Amino acid sequence: MLNAVAAFLLLTLLIALVRIWRGPAPADRMLASQLFGTTGVALLMVLAHAQSMPALMDVALTLAVLSVLAIVAFVTRVVRIDQPANSPDAESEARHD
């Protein structure tokens, strides 16, 4: 049963890899890479249990942390959280409060 789950997760990773390769937008690619990270964590945890290798759990946790750091880097680079306070967007949000 665990091998079937691992095979399904590998298929999901393949689909995510195709989405990363083809795009179309950077946000789509980033979401697919997030899927790649979370599915990779799930796959490693299933394999750790199936093969009785607790070291794979440590690798899964490391991959989870790296996945979170990747999304934070993407958001700060593309979305631009650090906009200046006198930008038109900040002023319109201040009026709504």
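A brief look at the structure comes next. (Residues numbered from 1 in each chain as written. Predicted model: local features only at pLDDT ≥ 70, side-chain atom pairs only at ≥ 80, totals over all residues. Heavy atoms only, no water.)

Focus on the overall build of the chain
Helix and strand content of the chain: four helices and zero strands. Listed N to C, the secondary structure of the chain is α-α-α-α in terms of helices and strands. Within the span of the chain, comprising 97 residues, buried residues form 23% of the whole. Total accessible area computed for the chain in this model is approximately 7,200 Å², and 70% of it derives from carbon and sulfur atoms. (Helix = DSSP H or I, 4+ residues; strand = E, 2+ residues; numbered from the N terminus. Buried < 20%, exposed > 50% of the residue type's maximum accessible area, 1.4 Å probe, protein only. Areas by Shrake-Rupley, 256 points an atom, 1.4 Å probe, with all protein chains shown as cover.)

Comments concerning the environment of alanine 48
Mapped onto the elements, alanine 48 comes out in helix H2 (residues 26-50). Since its relative accessible area comes to 6%, alanine 48 is described here as buried. Sequence separation of alanine 48 and valine 59 is 11 residues, and the distance between their C-alpha atoms is 9.7 Å. With residues near it in sequence (within four places) discarded, alanine 48 still touches Met53, Leu56 and Met57. (Contact = heavy atoms within 4.5 Å.)

Quick notes on H2
For H2, which comprises 25 residues, the first-to-last C-alpha distance of 36 Å matches the rise-based estimate of 36 Å (1.5 Å per residue) to within 8%. Residues of H2 that are buried include every one of Met30, Ala32, Gln34, Gly37, Thr39, Gly40, Val41, Leu43, Leu44, Val46 and Ala48, and no others. Where H2 terminates, the next one or two residues include serine 52, which has phi positive at roughly 55°. (Expected span 1.5 Å × (residues − 1).)

Topic: the environment of threonine 38
Mapped onto the fold, threonine 38 is located in helix H2. Taking the C-alpha atoms as reference points, threonine 38 and leucine 63, 25 residues apart in sequence, are found 8.4 Å from one another.

A short note on a nonpolar patch on the surface
A grouping of Phe8, Leu11, Leu14, Ile15, Leu17, Val18 and Phe36 is seen on the molecular surface, where their side chains present a nonpolar patch of about 680 Å² in accessible area. Here phenylalanine 36 shows up in helix H2. (Patch = residues over 30% accessible without salt bridge, like charges linked within 9 Å, V, L, I, M, F, W, Y side chains within 5 Å. Salt bridge = Lys/Arg side-chain N within 4 Å of Asp/Glu carboxyl O.)

Worth remembering: the numbers are spatial, not functional.
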